[in-house]
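So the chains spell out like this:
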Amino acid sequence: MKKTCAKEALKYIRNKSIIGLGGGSTISHLVSYIKENKLDVKIVTPSFNTEKLCRENNLNVLEISYVSEVSVAFDGCDEIDYDLNALKSCGGIHTKEKIVATMAKDYILLVDESKVCETLKFNYPVVLEIIPESKSIVEKSVKQLGGKVRMRNDKLMEVYFDRKDIKSIKKLDEDLRKIVGVIETSLFHDIATKAIVVGENRIKLIECEKGD
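Being a predicted model, the structure only gives us computed values, none of them experimental. (Residues numbered from 1 in each chain as written. Predicted model: local features only at pLDDT ≥ 70, side-chain atom pairs only at ≥ 80, totals over all residues. Heavy atoms only, no water.)

**A few points about the overall build of the protein**
- Per the secondary structure count, the protein includes six helices and 15 strands.
- For the protein, the C-alpha radius of gyration of 17 Å lies close to 17 Å, the compact-globule estimate for 212 residues.
- Overall size of the protein, expressed as C-alpha extent along the three principal axes, is 50 × 35 × 25 Å.
- Counting all 212 residues of the protein, 52% fall into the buried class.
- Carbon and sulfur atoms form 48% of the exposed surface of the protein, whose accessible area is close to 10,900 Å².
- If you average the places of the 35 positive and of the 33 negative side-chain charges in the protein, the two averages end up 2 Å apart. (Helix = DSSP H or I, 4+ residues; strand = E, 2+ residues; numbered from the N terminus. Rg over C-alpha atoms; globule rule 2.2 N^0.38 Å. Buried < 20%, exposed > 50% of the residue type's maximum accessible area, 1.4 Å probe, protein only. Areas by Shrake-Rupley, 256 points an atom, 1.4 Å probe, with all protein chains shown as cover. Lys, Arg positive; Asp, Glu negative; His and termini not counted. Charge placed at Lys NZ, Arg CZ, Asp CG, Glu CD.)

Structure, rendered in structure tokens:
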């Protein structure tokens, strides 16, 4: 299914463009197909493993800091809903991922149908990248929002929410991001424009405009 998803993603790549690639096995298949189809593209990526794979395949990789716009970016996620809210909690590189996503005219998530739900279930934590010195105040603030905290390391704080306590994903996103000391969150709200969803016998496209 991951290969099928990667092949579908190829349709959105224009020759002689700059594209963004995230991490994960579906993206690694996409790298192979870009090489195989001899597409002339430049790539930015927040993922060390993807960068390494691109260089091994002699693909042109640019530093993120030198780029302000990409035509399309692809990534995976841990959970996504039909409004294209997504959780990208496992990788811990969501700040760099959001930088690339914000550059992109089109930000497309590549997923299998097991990751899709009607509305986010929050089976994964919202991971906050924080300034280490802010740990105590951030923890106090997220507990006031109903979250339970576990530190992954001194810069990544996992916050677990009970879905029934979340009235608005948009409001939760706003509340978390305005906490002093929080750099970014793994909750992607109003960022993705499309999701390519692959099942056993079908490919489905979920689509919406940013700002909806």
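Back to the write-up after that little detour.
**Brief notes about unusual backbone geometry**
- Non-glycine residue Lys-16 carries a positive phi angle of around 60 degrees.
- Secondary-structure assignment places Lys-16 in the loop between helix H1 (2-9) and strand E1 (17-21).
- A relative accessible area of 66% means that Lys-16 is categorised as exposed.

**Digging into the nonpolar core**
- By size, the foremost hydrophobic cluster in this structure holds 24 residues, and its most contacted members are Val-70, Ile-80, Leu-84, Tyr-107, Leu-109 and Ala-195.
- Where this core is concerned, the elements lending two or more residues are strand E4 (70-75), helix H4 (94-103), strand E7 (104-112) and strand E14 (194-198).
- A per-element tally of this core places E7 first, with four residues.
- When near neighbours in sequence (up to four residues on either side) are disregarded, Leu-109 contacts Asp-75, Gly-76, Cys-77, Ile-80, Ala-86, Ala-192, Lys-194, Ala-195 and Ile-196.
- Listed in part, the 23 residues of the second largest apolar core include Ile-19, Ile-27, Leu-30 and Leu-59. (Core = buried A, V, L, I, M, F, W, Y, C linked by side-chain atoms within 4.5 Å. Contact = heavy atoms within 4.5 Å.)

**Re the pattern of salt bridges**
- This structure, assessed with the given rule, holds 20 salt bridges.
- Where Asp-173 meets Arg-177, a salt bridge forms, and the shortest distance between an N and an O atom there is 3.5 Å. With a gap of four residues between them, Asp-173 and Arg-177 both fall in helix H6 (residues 169-177), about one helical turn apart.
- Its relative accessible area of 42% is what places Arg-177 among the partly exposed residues.
- Here Lys-194 ties to Glu-207 by a salt bridge, and the two come within 3.6 Å at their closest N and O atoms. Of this pair, Lys-194 sits in strand E14 while Glu-207 sits in strand E15 (residues 203-207); the two residues are 13 residues apart in sequence, bridging distant segments of the chain. (Salt bridge = Lys/Arg side-chain N within 4 Å of Asp/Glu carboxyl O.)

**A look at the sheet that holds strand E8 (residues 116-117)**
- Across the sheet, which stays open at both edges, the four strands sit in the order E8-E5-E6-E13 with mixed pairing between neighbours. This sheet does not close on itself; its edge strands, each paired only once, are E8 and strand E13 (187-188).
- Two strands pair when backbone bridges link them, and strand E5 (residues 79-81) and E8 are joined in this way by two bridges, in the parallel orientation. Residue pairing across strands places Asp-81 opposite Cys-117, the latter belonging to E8. (Pairing = 2+ DSSP bridges.)

**Concerning the packing of aromatic side chains**
- Per the counting criterion, the structure on display carries one aromatic pair.
- Taking 6.2 Å as the distance between ring centres and 20 degrees as the angle between the ring planes, the aromatic pair formed by Tyr-107 and Phe-188 counts as stacked. Here the residue Tyr-107 occupies a position in strand E7, and Phe-188 occupies one in strand E13, the gap between them amounting to 81 residues. Accessibility assignment for this pair places Tyr-107 and Phe-188 in one class, buried.
- Just above the ring of Phe-188 sits the side chain of Lys-88; from NZ or CZ to the centre is 5.8 Å.
- Cation over ring: Lys-98 sits above Phe-188, and NZ or CZ is 5.0 Å from the ring centre. (Phe/Tyr/Trp six-rings, centres within 6.5 Å; stacked < 30°, edge-to-face > 60°. Lys NZ or Arg CZ within 6 Å of the ring centre and 35° of its normal.)

**Description of the packing of H1 against helix H2 (residues 25-36)**
- Where H1 contacts H2, the axes come no closer than 8 Å and their chain directions differ by 50 degrees. When the axes of H1 and H2 are compared, the pair comes out oblique. For the pair H1 and H2, the sense of crossing is right-handed. Where H1 approaches H2, its residues Lys-2, Lys-3, Cys-5, Ala-6, Lys-7 and Ala-9 are matched on the opposing element by Ser-25, Thr-26, His-29, Leu-30 and Tyr-33.
- Within the contact of H1 with H2, the residues separate by chemical class into five nonpolar, three polar and three charged. (Axes fitted to C-alpha atoms, helices over the stretch in contact; angles between N-to-C directions. Parallel < 35°, antiparallel > 145°, perpendicular 65-115°, else oblique. Left-handed = near helix turned anticlockwise from the far one by under 90°. Nonpolar A, V, L, I, M, F, W, Y, C, P; charged D, E, K, R; others polar.)

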